[in-house]
Amino acid sequence: MAPNRLIDSFGRAHSYLRISVTDRCNLRCVYCMPHDGLEWKKRDELLTYEEITRLAVIFAAMGITKIRLTGGEPMVRKGLSTLVRDLGAIAELKTLAMTTNATLLAEHAKELKELGLNALNISLDTFSKERFTAIARLDQFDQVMAGIYAAIECGFDSLKINMVVMAGVNDDEVMAFADFAAKHKINVRFIEYMPFKDNQWTSAKVVTYKDMLAEIEKRYELTRMVNDPSAVAKDYAIAGGGSVSFITSMSESFCSTCNRLRLTNDGSIKSCLFYPAEINLRDAMRKGASDNDLEGMILYSLVQKPEAHPPAEEIAAGENRAMIEIGG
Ligand code: SAM
Ligand code: SF4
């Protein structure tokens with residue numbers, strides 16, 4: 001395999017690319033979608049599937065071995081299976097993953113797996129139908145649960161449930177999610193609530209991983225698992241099967257081992273989720289940039305990558321796009 005060329009100014013090698021395929025979503029989660037909604041981008045502002053595949057091939061030749069499709073809700077974009085098929089054919093990729101709200105998953109899970117998708121993260125923040133409707137601002141709980149059970153049945157190499165934990169909103173369900181992980185022998189990831197534009201974040205609503213861990217340990221024997229050094233999660237095996245993980249973006253940042261790049265739906269590279277600098281590849285491609293030109297722009301985005309993101313309060317007060325616009 002060719003050496004990784006995606007090295008930033010602090011020596012971090014990048015092997016993981018998150019690609020947002022759309023800014024649209026069929027849910028309106030309070031922690032993600034700005035309260036007043038968003039104006040969706042026009043079709044021609046988004047990268048086409050051909051453009052995404054061209055860039056993915058370039059990134060893979062430079063060192064990317066894992067791609068995650070995200071959004072917005074990736075499954076609301078028509079013809080997503082074509083993109084999965086084309087990305088699934090890139091030899092350098094070991095992992096082709098997707099993060100989805102699972103509303104449309106039940107009927108497509110099997111097909112996507114057959115086309116090369118081998119890892120799935122599904123967002124679920126509550127097991128209560130009423131609470132789901134309050135958080136997601138749409139009544140889609142039954143569809144989501146059907147999608148989750150379809151995915152469990154398909155047997156993906158990796159299947160994770162993402163729960164954004166918010167004090168006073170759903171933190172009383174942490175144990176129920178640990179029970180779900182143990183019962184189905186899957187991974188549940190508890191995510192600390194992060195601040196984005198207009199997303200109702202306050203520091204008082206952050207539940208830290210130490211509190212969640214202490215709660216779960218009241219019922220389960222947990223063993224810390226050895227992670228790959230760039231993993232953002234702290235993973236714990238549950239005695240008897242299943243595992244729980246914590247994404248500690250707020251209480252303990254993991255910038256020093258960050259190996260991620262993001263490609264936004266409108267074709268910008270974002271080298272840090274919390275840093276506004278972006279370099280637009282779409283416009284360059286549409287003006288006839290060669291693969292070499294695009295490689296140069298990708299390398300320049302790495303030069304701009306900061307060593308670490310600022311503290312949470314500063315992020316909350318600053319300028320950044322909403323999570324749904326960037327691609328989670
Ligand atoms: N629509 C898909 C979904 O919900 O899984 C993919 C996009 S969503 C933006 C990606 C992930 O970001 C989800 O797991 C979601 O829970 C998480 N997320 C969104 N806003 C967040 C926030 N303010 N803090 C922490 N995680 C957040
Ligand atoms: Fe949509 Fe996912 Fe954001 Fe919820 S978290 S509004 S499902 S993009």
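Structure: above.
Presented here is a report on the structure given in the accompanying data block.

Cut-off values and rules
- Residues numbered from 1 in each chain as written.
- Chains lettered and ligands numbered in written order.
- Predicted model: local features only at pLDDT ≥ 70, side-chain atom pairs only at ≥ 80, totals over all residues.
- Heavy atoms only, no water.
- Near = heavy atom within 4 Å.
- Nonpolar A, V, L, I, M, F, W, Y, C, P; charged D, E, K, R; others polar.
- Buried < 20%, exposed > 50% of the residue type's maximum accessible area, 1.4 Å probe, protein only.
- Helix = DSSP H or I, 4+ residues; strand = E, 2+ residues; numbered from the N terminus.
- Pairing = 2+ DSSP bridges.
- Polar contact = N/O pair within 3.5 Å; in protein donor to acceptor, adjacent residues only side chain to side chain.
- Areas by Shrake-Rupley, 256 points an atom, 1.4 Å probe, with all protein chains shown as cover.

Once that is clear, we can look at the site of ligand 2. Lining the immediate environment of ligand 2, one finds 8 residues, of which Cys25, Cys29, Cys32, Gly72 and Asn101 sit closest. Of the residues belonging to the shell around ligand 2, the class tally is 6 nonpolar, 2 polar and no charged.

We now examine the pairing of strand S4 (residues 119-123). Counting buried positions along S4 yields 4 of 5 residues, so the element is predominantly enclosed. The pairing of strand S3 (residues 95-100) with S4 spans 4 bridges and is parallel. Its bridge partner being in S4, Thr99 is matched across the sheet by Asn121. When S4 meets strand S5 (residues 158-165), the two strands line up parallel, connected through 5 bridges. Counterpart to Ile122 in the pairing with S5 is Ile161.

This part is about the pairing of strand S8 (residues 233-238). Along S8, 5 of the 6 residues are buried, which leaves the element largely enclosed by surrounding structure. Two elements, strand S7 (residues 222-224) and S8, share 3 bridges in a ladder whose sense is antiparallel. Of the residues in S8, the one forming a bridge with Arg224 is Tyr236. Pairing between S8 and strand S9 (residues 243-247): 5 bridges, direction antiparallel.

It is worth spelling out the site of ligand 1 at this point. Around ligand 1, the structure places 20 residues, and the nearest of them are Tyr31, Gly72, Ser123, Asn162 and Met194. Between ligand 1 and Tyr31, the relevant distance is 2.9 Å, taken from a nitrogen atom to a main-chain nitrogen or oxygen of the residue. At 2.8 Å, a backbone N or O of Met194 approaches a nitrogen atom of ligand 1. Summarising the interface, the protein chains cover 95% of the accessible area of ligand 1, which totals 540 Å² for the free molecule.

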